[in-house]
Amino acid sequence: MIEVTVKKNKIDSCKAGDITKEIKPLIDYFQNYMGKGGKKADFLPYVHQHETFKRIMDNEEILLTAGTSAGKTLSHAIPLFYKIKNQLADKILLLYPTRALLQDQKGVMDDLAKIYGLEDQVAEIKGGMSRIQVIRALNKKIIIATPDSIYWFFNKNIKYSSFLIYGLAQVDEVVIDETHLFTGLVLNNLIFLINRMKKLAEMIDKEQRYHILTATANDSLRNIHKGLVDEISGKSNCGNIDLKIINKGDKFSGQLFGKSLKEDVVEVDQKLSSVAILNSAKIAHQLFYSNTEELKVDDLADDMKRKFIFKNSKITIRDFLDNIEEDRRGYIENKLKNKLNLLLDNILIEDYLTTYKAELSLSFDNEEIFAIISDYLEEGYRRIINAVERAEKDDGYLVENLDEHIARDEYTKQLYIGLRINSYLSALDEKEDIIEKIEKSINNFKEVLEEASNKGNKISIKTKKKNNRTYIELDNLIHKSGNKKIKYLSYSWILKDKLAKNLTLKSVKEENKKKVNFKNIKKAEIEVEILKEILEDEFNESWIESIYIPRYIATWKGKEDVLVVLYTGSMSNYVREGLIEFFNEADYKKKVLLSTSAVEVGVDFDCDLLITEETNVASFLQRFGRAGRSGKDSKVKLFVSEDSYVEVNNSFGEKKEISRGKFSGEIKEIFKEIKGIEDDSFLRAYHYIINQNLGRVGDELNQEFTQEDKELGDKLRGRINLNYGLRGTMASVSLRGGVTKNPFYILRFLENSDLFDSSSPFEIAYSDKSFDSIIWKSYSDSEDVYVNINDTLEDSKAIFIKEGKSLTPYFDSGVCKIYEEKFLRRKENYERRKDSLIKNKKLRDEIKKKLPLEKQEMLKYLLLSGHSDLILGFGNIYLSKDSSPIFVKEKPLFIPNQFFLLLVGSKEKQEDYIKWMKNNRIFDYSEVIVDDTDYENNLNEEHYKRNPVGVLLLENINGALVSIYEDLIEARKAGEL
């Protein structure tokens, strides 16, 4: 163990003699805000705060570099609010990189607004706002937003018209907080956004000023101001830190943190507030549930209970009645009973069955049921015919090919098997025979439905438990043929879901009314609006209130005096809201905040002990700044890898004390820094396209681009749909509560039946599973998620070819598959004919006549480029597991409109690619990702078996793979590959 004391900064306040009459009013506001109990504070701002006040009041831009607890917020807010108050500025825009930081800072801004008398002038802009809401927000003087939301609205400019553009143009001063979180291509996107907004302001003769606040500054950040702004350096007001650095070795983080919390907090007999910050949310959640027990409502003080009262939008009838005063309950219950049909019409069969695990009968003569089944058959027929047409294009027997195509689409597969179509086909059937038999199968089923309707038969829908999961089953679609009973669609959970999710209890047969009486629907949830409609003026809002203590607040097992709060990014925003405030205010002898990087910015708390582990240098310094805030001495326990432990030991040696600045400098040399791709060559073409939506402003901005940027942008515009996002263009999978995760991580823990279609452009699917439901699933018990290369190449939309200095796209359906199959696989044949192709003009002219332009270019790329084994493509990325492709209900799951880079070659060649990428730290780039094929560690037999074609790279943000592609070409020229 290495023990060292990191000494507190000497941080000076400004001197009274330095305060000019222009700055004096700002000092008063500062002291009013910092005072307590209605009294002004008797101290002055720090030197760096005072300097920031002066420069902003002198209409200068600022670059303020300071760590946590340095008062960066007041540095800019005090003078900017003063300017608004005194009409020295019309409008300010405050940008925060995360929603958590924005929410935290909005509280500060609301408090400041009261002091300045600007309470009604603070507004927030966020995604999902209506046109009217955006207009209202833009009419305020102080606008708060994330850069992502402003960036997103620029893409929606056509829908939101010129009012958004004009509203942003009126902003006088813009603050971008925690700017160090923007690196590489993300920072380039931010700079493009700034330039766009500046140009807007220029159009109405306004000069916008930009104020950059950051924990650390590099040349890229300084470039926002073109290097013309002198940096203001501030120091954090943090106390002395007693630091213990421990060699983690091969021990599991969960065990180390659990043991440390027990020894250093739970078993210590003193008042103590501690924070444990882990790298993994999964391990943080495991630690929480393994070591805590539920906190009871009665254990809380009344003022704390009030924090957890909320109004339900849906509530069970039973809970609703329980909330009503006893002398009124019977009367209200009778009013609800009298409206039973209205209640039944608002309870879905699916909700009822999962609550009661009962069996219900539906009549075949119900028009709604017939409509659902008819729609299901029509859609299925269309899909099967499409599969037949695709199978006809493949080599080999049509029926065998059809089986392969059917297997890729769950909807088609269920209908194909459920109507027994497969049993009618023979191996030598032609297309016409197959279509005829498909139609015959569907007509046979329609006859079964008609027969069932005439006989007054019913469909039975029931719940069944299997492997601890509840399923809804469909029964009674049976046809008797002689002595045989043919059961139809017993495999189709899609039809079962369509019926159960679209029909209410009002659809059940009369004989079921006893099952669905008022007594038996009490456990079913009902929309509060329906209860209001029934009860009208007699409805009381208190009847839908609940006191709900989040499961994320608990006590340590067997220790009622130890409060434990969980706070991670894998919890939804609304669940996290108020948790830190509760942690700070709760009066317990010992407190533990279990968290992740979610507390690195925008979360304010005090702690006596911080326990954390090695991470990238920027994250670690943010975590370290959480300890010793407001000048208070604290302790930190840090777990590091064996290699880092050796480096720390060599660096610190026998030192017992080290200054905070020196400590930060040493750590920066040891811990890994997040790399960002600086090359913005593709981004320029991308933003050229975006600017074309902005009318005259966009035209002026586009004059700054090169001819190559414009040519590439013009070729892409309207041909492919590029994803749009400031910090990422890789879609996610969302869990219950809106928690989003990388698809390659989260899909390994989810079954196909857990997934549903998402309407969000940022998601490929959503699941009603919570993050907590998957935390105990280990990697060894789950399946890798990887890219289905064949399907991805088949559905590619463009291939990009480097020709001299230009990047040229060629568009065609399956273009990358055509290149890989028809050209690259036949490279040796083409190489043997290379000389004759080059020398024989007649042969060249013949090729030009026979081959379309894109195939001519493919041939030229193959023979002349020297890097023909690099396929930079664009299209839909299909996902798979070893057991089966991944489906969302009835269709294969894919990530739409993504770039991919396929490095084609033998196993030895693939290993050379991986070696080069390791040596050049390609895997350290936050913008580059791989699927579960973890090339960074090793190319093993399992990975090679899944994808013998080559190594595949994906990207988190547009432009990353273009940069890597060009680096690989240069490496090939230099003989590195």
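Quick caveat: nothing in here was measured; it's all calculated off a predicted structure.

J.: Is there a simple way to think about the overall build of the protein in this case?
T.: A count of helical and extended segments in the protein gives 41 helices and 39 strands. When the 977 residues of the protein are sorted by exposure, 53% land in the buried category.

J.: It is not clear to me how the pairing of strand S32 (residues 796-803) should be interpreted in this structure. Could you clarify?
T.: Along a regular strand, successive side chains alternate from one face of the sheet to the other. Along S32, six of the eight residues are buried, which leaves the element largely enclosed by surrounding structure. Where S32 meets strand S34 (residues 870-880), four bridges bridge the pair, whose relative direction is antiparallel. Opposite isoleucine 799, over in S34, you have glycine 873 as the bridge partner. As paired elements, S32 and strand S33 (residues 806-811) share six bridges and run antiparallel to each other. The residue bridging isoleucine 799 from the neighbouring strand is tyrosine 810, located in S33. Counting the residues in the hairpin turn of S32 and S33 gives two residues, including glycine 804, whose phi is positive at 65 degrees.

J.: Sorry if this is basic, but what is going on with the sheet that holds strand S1 (residues 2-7) here?
T.: Strand-to-strand pairing in sheets goes through backbone hydrogen bonds, with the strands running parallel or antiparallel. With respect to topology, ten strands assemble into an open sheet ordered S11-S21-S22-S23-S10-S24-S25-S9-S1-S26, the strand pairing being mixed. A strand with exactly one partner marks an edge of an open sheet, and here the two such strands are strand S11 (292-294) and strand S26 (657-659). When the angles between neighbouring strand axes are averaged without regard to direction, this sheet yields 25 degrees. Across three bridges, the pairing between S11 and strand S21 (residues 553-556) is antiparallel. Across the sheet, glutamate 293 pairs through a bridge with threonine 555, a residue of S21. Set on the sheet, helix H27 (residues 642-652) makes contact with S1, strand S9 (241-247), strand S25 (634-640) and S26; between it and S9 the angle comes to about 135 degrees.

J.: Which parts of the structure should I look at to understand the pattern of salt bridges?
T.: Under the defined criterion, the tally for this structure stands at 43 salt bridges. A network of salt bridges, in which partner residues are shared, links Lys24, Asp28 and Lys40.

J.: How should the sheet that holds strand S28 (residues 740-741) be read in this particular structure?
T.: Across the sheet, which stays open at both edges, the four strands sit in the order S28-S27-S30-S29 with mixed pairing between neighbours. Every interior strand has two partners, whereas the edge strands, S28 and strand S29 (755-756), have only one. Note: strand S27 (residues 732-734) against strand S30 (residues 763-767), three bridges, orientation parallel. Residue pairing in the sheet places serine 732 in a bridge with glutamate 763 of S30.

J.: Can you help me understand the packing of helix H19 (residues 410-418) against helix H22 (residues 493-502) in this one?
T.: Two numbers describe a pair of packed helices, the interaxial angle and the distance between the axes. The interhelical angle for the contact between H19 and H22, taken along N-to-C directions, is 105 degrees, at an axis separation of 9 Å. By the criterion of interaxial angle, the relationship of H19 to H22 is roughly perpendicular. Where H19 approaches H22, its residues Glu410, Tyr411 and Gln414 are matched on the opposing element by Trp493, Ile494 and Lys498. Residues that form the contact of H19 with H22 fall into these classes: three nonpolar, one polar and two charged.

J.: Explain the nonpolar core here, please?
T.: Judged by nonpolar contacts, the single largest core of 204 residues is most densely connected at Leu594, Leu879 and Met917. The biggest single contributor to this core is helix H8 (residues 184-203), with ten residues. Apart from residues lying up to four places away in sequence, methionine 917 is in contact with Leu903, Ile922, Phe923, Val951 and Leu953.

J.: Would you take a moment to explain the confidence of the model for the protein for this structure?
T.: Parts of the model with low pLDDT should not have their predicted coordinates read in detail. Here the protein averages 84 in pLDDT, while 88% of its residues score no lower than 70. Here residues 157-161 is a poorly scored stretch, pLDDT under 50, and it has nine contacts once near neighbours within four places are set aside; other chains count. Every residue in residues 467-472 scores below 50 in pLDDT, and together they form 19 contacts with partners more than four places removed in sequence or on other chains.

J.: What exactly am I supposed to notice about helix H14 (residues 326-337) here?
T.: Note that an α-helix has 3.6 residues per turn; residues three or four places apart therefore point the same way. For H14, built from twelve residues, the straight-helix expectation of 16 Å at 1.5 Å per residue is met to within 8% by its first-to-last C-alpha distance of 17 Å. Listing the buried residues of H14 in full gives Ile332, Glu333 and Leu336. Along H14, the residues classed as buried sweep out an arc of 105 degrees about the axis, all on the same side. Buried residues along H14 sit against helix H13 (317-322), helix H15 (340-344) and helix H23 (528-535).

J.: Would you mind going over the pairing of strand S24 (residues 609-613) with me for this structure?
T.: Summarising burial for S24: five of the five residues are buried, a large majority. Residues Leu609, Ile611 and Glu613 point to one face of S24 and Leu610 and Thr612 to the other, with burial holding for every one of them. Here five bridges tie S24 to S25, and the two strands are oriented parallel to one another. Across the sheet, threonine 612 pairs through a bridge with leucine 638, a residue of S25.

J.: Just to check I follow, could you spell out the environment of methionine 197 for this structure?
T.: Mapped onto the elements, methionine 197 comes out in helix H8. Given the relative accessible area of 1%, methionine 197 is considered buried. Separated by 23 residues in sequence, methionine 197 and valine 174 have C-alpha atoms that sit 9.9 Å apart. Not counting the four nearest positions on each side in its chain, methionine 197 is found in contact with Leu93, Ile150, Phe154, Leu168, Val174, Gln208 and Tyr210.

J.: Looking at this model, I keep getting lost on the environment of tyrosine 830. Mind explaining?
T.: Position of tyrosine 830 among the secondary structure elements: in helix H35 (residues 827-832). Distance in space between the C-alpha atoms of tyrosine 830 and leucine 863 is 7.6 Å, their sequence separation being 33 residues.

J.: How should I be thinking about the packing of helix H1 (residues 24-34) against helix H4 (residues 99-116) in this particular structure?
T.: Across the interface, H1 lies against H4 with an axial gap of 10 Å and an inter-helix angle of 120 degrees. The angle between H1 and H4 falls in the class oblique. The handedness of the crossing between H1 and H4 is right-handed. Residues Tyr29, Asn32 and Tyr33 of H1 touch H4, and the partners they reach there are Val108, Asp111, Leu112, Ile115 and Tyr116.

J.: Honestly, the packing of aromatic side chains in this entry has me stumped. Any pointers?
T.: One pair of aromatic rings is described through two measures. These are the centre distance and the angle between the planes. In total, this model carries 27 aromatic pairs according to the counting rule given. Between tyrosine 686 and tyrosine 724 the ring centres are 6.5 Å apart and the planes differ by 50 degrees, which places this aromatic pair in the tilted class. Placement of the pair is tyrosine 686 in helix H29 (residues 681-691) and tyrosine 724 in the loop between helix H31 (707-716) and S27, with a sequence separation of 38 residues. Side by side, tyrosine 686 and tyrosine 724 carry an identical accessibility label, which is buried. Residues tyrosine 745 and phenylalanine 749 carry aromatic rings whose centres are separated by 5.4 Å and whose planes lie at 75 degrees to one another, so their mutual orientation is edge-to-face. For phenylalanine 749, a relative accessible area of 1% gives the class buried. Here the aromatic cluster, defined as three or more aromatic residues joined through ring pairs, consists of Phe620, Phe624, Phe652, Phe663 and Phe671. Taking NZ or CZ as reference, arginine 383 lies 4.6 Å from the ring centre of tyrosine 411, over its face. Against the face of phenylalanine 771 rests lysine 741, its NZ or CZ located 4.7 Å from the ring centre.

J.: How should I be thinking about the environment of threonine 412 in this particular structure?
T.: Here threonine 412 shows up in helix H19. Distance from threonine 412 to arginine 382, taken between C-alpha atoms, is 9.1 Å for residues 30 residues apart in sequence. With residues up to four places along the chain from it excluded, the contact list for threonine 412 reads Arg383, Ile384 and Ile406.

J.: Mind showing me how you'd approach a negative patch on the surface here?
T.: Side chains of Asp394, Asp395, Glu400, Asp403 and Glu404 sit close together on the surface and give a patch of like negative charge. For glutamate 400, the location among the structural elements is in helix H18 (residues 398-407).

Parameters and conventions
Residues numbered from 1 in each chain as written. Predicted model: local features only at pLDDT ≥ 70, side-chain atom pairs only at ≥ 80, totals over all residues. Heavy atoms only, no water. Helix = DSSP H or I, 4+ residues; strand = E, 2+ residues; numbered from the N terminus. Buried < 20%, exposed > 50% of the residue type's maximum accessible area, 1.4 Å probe, protein only. Pairing = 2+ DSSP bridges. Axes fitted to C-alpha atoms, helices over the stretch in contact; angles between N-to-C directions. Contact = heavy atoms within 4.5 Å. Salt bridge = Lys/Arg side-chain N within 4 Å of Asp/Glu carboxyl O. Parallel < 35°, antiparallel > 145°, perpendicular 65-115°, else oblique. Nonpolar A, V, L, I, M, F, W, Y, C, P; charged D, E, K, R; others polar. Core = buried A, V, L, I, M, F, W, Y, C linked by side-chain atoms within 4.5 Å. pLDDT = per-residue confidence, 0-100. Expected span 1.5 Å × (residues − 1). Arc of directions from axis to C-beta. Left-handed = near helix turned anticlockwise from the far one by under 90°. Phe/Tyr/Trp six-rings, centres within 6.5 Å; stacked < 30°, edge-to-face > 60°. Lys NZ or Arg CZ within 6 Å of the ring centre and 35° of its normal. Patch = residues over 30% accessible without salt bridge, like charges linked within 9 Å, V, L, I, M, F, W, Y side chains within 5 Å. Areas by Shrake-Rupley, 256 points an atom, 1.4 Å probe, with all protein chains shown as cover. Lys, Arg positive; Asp, Glu negative; His and termini not counted. Charge placed at Lys NZ, Arg CZ, Asp CG, Glu CD.

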